Amino acid sequence: PPPDAAPPPPTCPDGTPPRTFADGTGVLFGDIAGDFTVQTLDGPWTLSAAWTGCESYVFLVYFPDLRQTPQGVWVGDQLWDSDAVPLLTEGGPDTQYFFVSFEPDAAARAQRMEAMRNRIALALSGRGLDAAALGFPARMHFVTDRLTEVEGSVGVFINDYLDFMFRPDSLVDLGDRGQAQSPLPFTFAIDRLQRWDAGGSLAEVVGRPMIWTMAAWFSRFYDHIARTYARVEAEADATVVPLVDGRVHDRIFVSTVELPDAAVMADVDALEVDVSVTCPARNVFACSEWDRIARVDWCTDETCAERTEIARWITPYWRRGERRWLIDAAPFLGLMRAGGTHTFRVEMGPDWERGTERDARVALRFRRTGQGPLARGVTLAFTGGGFGAGYNDREPFRFTPPADAARVELVVLLSGHGQADGNNCAEWCDHRHTFSVDGQALPVIRSEQEPGTLRGCAERSGEGAIPGQWGNWAPGRAYWCPGLPVEAIRIDLTDRVTPGQESALTYTGHLGVGEPAGGDIALSAYVVWY
C-alpha cells in the first residue's frame, strides 16, 4: 500500500474483527460480563488488561463435598481428578481457562492449585506434547481466591447465582419427576461476545461422571457464535424479513410477511434462514428438554394446508443461553421470485409438548452476491416415513426441466429418528439412501459422521452444535446432531438430464446394504432447476 494508506483494521486469528471491551454489571446468563481480577499462583490477572477481543474465558470449579451424609465418590472430586489436557488439545487456541475452588481455607486452595498445575505439566510431558505450543501454562490460570471472593464481576455473578440456586422459587416442576434444582456451577464462561454463559453439563452421556474434556467444546462453539455475528454485521446489504421475533412459549407459528418486490427478487441468489433461540432461564430445567425436529416451511396459502420445507434444525436438550445458525436455503428461492406477500410456518418442536419460555428470532436473509446460480423452480419428488417394510414401495418421480435450465439439482433434507429394538434405527444406525436418474445411480448418500461415535456431535461444536446440553448430545447420529442445523444435501444432475425432456428419478433407502429395519426417516427430496 502507499505510505499514507491507513493500516488495515485488526482481526482475530479466524479473520473476525476483535470485540471492544464493554463495561458490564449483569449477573444473568447472556448479560455482559464486567471486569474482574483474580489472584493466581503467578500473580494477579485482570480481564480488561488482558482483553484481546478474540478470546473466550472458561471457569472450572472445585466444589468440596458438602453433603451431610456422603454416599460414594463425590462428583466434584471425580471431575477435578479427570484429565485436563484435552482442554488444550481439543479446545480452541483462543481460550483462557481458570481453575478455581469454593474451599474456604486459603492453604487448601493453594495446595489444590499447585497440584493441578503440576499434574497437567506432567501429563503433557508424559505424552510428548509441546506445552508451550499448546499454551501451557500461559492459557491456564490457577486461582488462589475463593470462588465467591473473586474481585469484580465473577464474584458478583457467582454469589448471585448461588443465592438464586437455593431459593424455593428457583425450582422447576417436572411433574411426576418432582422438583428440579438448578445445578451447581462446576463450569461457567464468558464467551467472545463478553456474555455470561452457563457452560452446561460436563458428562459425555447421561449417567457417566463429569469430565473436564467436555469443557473443551465450549470455546469451539463460542468461535462459531462470534463468526456468525461477524458475518451478519458485515453483510449490511442483506434484506432481512423476520418470521418470529420475541419471547415465546408456543412451538408453532404461522407468519404472513412482505418480501421484496418481483424486480428485486429476480436477481437474489442467496437466501439464509437466520435462527437465534435463547433459553433465558437461570435454572436449566426450565429450558426445552428434548431433541425435536424444527423447521421452516413455505406455505402455498395463508392457512398453510400445503407447505414446502425449506430449512431444518434439531433443538438441543436442556441448555441455557443462545444458539444461532445461518441455514442455507438458496435452492428454494424459486418459490419466492414473485415477491410480495408470502406465508411461512415455523415449527420448534411438537405443539403438544410442554411450552417453555424462549427468546426466538427466525428471519429470512436475502442477498444478491452475483456468485451463485439463480434458482427458478423447485418440485417435491419424495418424502420419508416409517423405515420398515414397504418403505421402498415407490413409483419413479418424473420431471421435465425447463428448456432454458442451466443447472438441475437434487436437494435432500434428511435425518433419521426413533430407536427400534435391536438396531437403534433410524437415529443411531447406518441408513443409506440411493437415487437414480434414468437408470444412472447417483453416489450413495451416507451420514458424514459415524452413527454412535462417542463424541461425533461434540466434535461439531465449531459448526454450531451447542455443547453442555443436559442429555446425550455428544455421540454422533445419522445425519444430525442435537442443537445443529440439518444441512441440505445437494447433488448436481445437470449432466444427467436434458432440459426440455422428461427424466425419471427413483429412490430407495437401506439399513447398511440390507432392507429398512426400524425408526423413521424425515426426508424431503426436491428437484431444483436454475
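These lines cover the structure that appears in this document, whether it is placed above or below. (Residues numbered from 1 in each chain as written. Predicted model: local features only at pLDDT ≥ 70, side-chain atom pairs only at ≥ 80, totals over all residues. Heavy atoms only, no water.)

The next thing to look at is the sheet that holds strand β12 (residues 252-261). The pairing of strands in a sheet happens through backbone hydrogen bonds and is either parallel or antiparallel. Ordered by their spatial adjacency, 5 strands build an open sheet running β12-β17-β14-β15-β24, and the pairing between neighbours is antiparallel. Two strands bound the open sheet, and with one partner strand each, they are β12 and β24 (484-485). Where β12 lies against strand β17 (residues 339-347), 9 bridges are found, and the strand directions are antiparallel. From the neighbouring strand, Leu259 faces β17, where its bridge partner is Gly340. (Pairing = 2+ DSSP bridges. Helix = DSSP H or I, 4+ residues; strand = E, 2+ residues; numbered from the N terminus.)

Moving on, we come to the sheet that holds strand β19 (residues 377-386). Across the sheet, which stays open at both edges, the 4 strands sit in the order β19-β27-β21-β25 with antiparallel pairing between neighbours. Looking at strand neighbours, the two that pair on one side only are β19 and β25 (489-492), the edges of this open sheet. Sheet twist, expressed as the mean angle between neighbouring strand axes with direction ignored, is 20°. Note that strand β21 (residues 408-417) and β25 share 4 bridges and pair antiparallel. (Axes fitted to C-alpha atoms, helices over the stretch in contact; angles between N-to-C directions.)

In this section: the side chain of Arg320. Mapped onto the elements of the fold, Arg320 is located in the loop between β15 (307-314) and β16 (321-328). Among the polar contacts made by the side chain of Arg320, one reaches the side chain of Tyr161 at a distance of 3.4 Å. Here Arg282 takes part through its backbone oxygen, which lies 2.6 Å from a polar atom of the side chain of Arg320. (Polar contact = N/O pair within 3.5 Å; in protein donor to acceptor, adjacent residues only side chain to side chain.)

Next up on the list: unusual backbone geometry. The amide bond that connects Phe136 to the next residue, Pro137, takes the cis arrangement and shows omega of 5°. Phi at Asn424 is positive, roughly 55°, even though this residue is not glycine. Position of Asn424 among the secondary structure elements: in the loop between β21 and β22 (431-437). Located in the positive-phi region is Asp438, a residue other than glycine, with phi close to 50°.

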